[in-house]
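This is what each chain is made of:
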Amino acid sequence: MASRALVSAGWLSGALKAKRAPALRVLDSTWYSPGRKDARKEFAERHIPGASFFDLEHCKDQQSPYEMMLPSESQFAQYAGELGISNESHVVVYDSDSNGMLYAPRLWWMFRVFGHDKVSLLDGGLVNWIKRGLPVTSEETRVTPETFRLTLNRSLLKRFEDVQENISSKRFQLVDTRSEGRFKGPEPKPGE
């Protein structure tokens, strides 16, 4: 189960009922979009029972002039550990976007980049969870901090030069998840 990239709402519901925690940790990774969404407030109002909020805005390289750059290994390890995640944890990530999977894949990838393969996406996110009539709560999840050790998997990172070289070599498939308007340029970034 630990290497499965996608889990269903039914599977997660069953795992939560079986009380597989602390080995199972559920994270809401909805991103705060200035002027549009207060993800932390929404999380406080309703989330999957037992879930914690993973703040992508907080757990990033705060010194970079670029948006949403990876945090350092030590920053990610400390942040994840504070959320009760250890190397033995199976982490399930979701978000509350209308499609159910806008921000969660980024967090899934971050765990993989930092060498933690026991991570899964919740198919359809919170939207699908609610659609299936599964419970939500406003109760705060209390966790015991854990030690989380990691090793950066450089094979999952590409530098600007790698992307430039790939234009002619076509060694890897590059996917841009922005909307067509943002990809081509006329649509501004959220919050601008």
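Residues numbered from 1 in each chain as written. Predicted model: local features only at pLDDT ≥ 70, side-chain atom pairs only at ≥ 80, totals over all residues. Heavy atoms only, no water.

Participant: When you look at helix 1 (residues 9–17) in this model, what are you seeing that I'm missing?
Facilitator: In an α-helix there are 3.6 residues to a turn, and that puts residues three or four apart on one side. Within helix 1 the residues assigned to the buried category are Ala9, Trp11, Leu12, Ser13 and Ala15. In this structure, the buried side of helix 1 is in contact with strand 1 (6–7), strand 2 (24–28), strand 4 (90–94), strand 5 (119–122) and helix 5 (125–131). Taken from the residues just after helix 1, Lys19 is the one with a positive phi, measuring 55°. (Buried < 20%, exposed > 50% of the residue type's maximum accessible area, 1.4 Å probe, protein only. Helix = DSSP H or I, 4+ residues; strand = E, 2+ residues; numbered from the N terminus. Contact = heavy atoms within 4.5 Å.)

Participant: Help me out: how do you make sense of unusual backbone geometry in this one?
Facilitator: For residues besides glycine, phi is generally negative; the peptide bonds are generally trans as well. Non-glycine residue Lys170 carries a positive phi angle of around 50°. With respect to the helices and strands, the residue Lys170 is situated in the loop between helix 6 (160–169) and helix 7 (180–184).

Participant: Just to check I follow, could you spell out the sheet that holds strand 1 for this structure?
Facilitator: In a beta sheet, neighbouring strands pair by backbone hydrogen bonds and run either parallel or antiparallel. The strand order across the open sheet formed by five strands is 1-5-4-2-3, and the pairing between neighbours is parallel. The strands lining the two open edges of the sheet, one partner per strand, are strand 1 and strand 3 (51–53). Bridge count between strand 2 and strand 3: three bridges; the pairing is parallel. What sits directly across from Asp28, in strand 3, is Phe53. Sheet strands in contact with helix 1 are strand 1, strand 2, strand 4 and strand 5, and its direction is about 125° off that of strand 2. (Pairing = 2+ DSSP bridges. Axes fitted to C-alpha atoms, helices over the stretch in contact; angles between N-to-C directions.)

Participant: Where do I start with the packing of aromatic side chains in this structure?
Facilitator: Describing an aromatic ring pair means giving the distance of the ring centres and the angle of the ring planes. Scanning the entire structure with this criterion turns up nine aromatic pairs. With a centroid separation of 5.0 Å and an interplanar angle of 75°, the aromatic rings of Phe76 and Phe111 are classed as edge-to-face. Remark: Phe111 occurs in helix 4 (residues 104–113) and Phe76 occurs in helix 3 (residues 73–82); sequence separation between them is 35 residues. You can call Phe111 buried: its relative accessible area is 0%. Centroid distance Phe76 to Phe114: 4.6 Å. Interplanar angle 25°. Geometry classified as stacked. Taken together, the positions of Phe76 in helix 3 and Phe114 in the loop between helix 4 and strand 5 put the pair 38 residues apart, joining distant regions of the chain. One exposure class covers both Phe76 and Phe114, and it is buried. Through pairs of rings, three or more aromatic residues link up here, namely Phe54, Phe76, Tyr79, Phe111, Phe114 and Phe148. (Phe/Tyr/Trp six-rings, centres within 6.5 Å; stacked < 30°, edge-to-face > 60°.)

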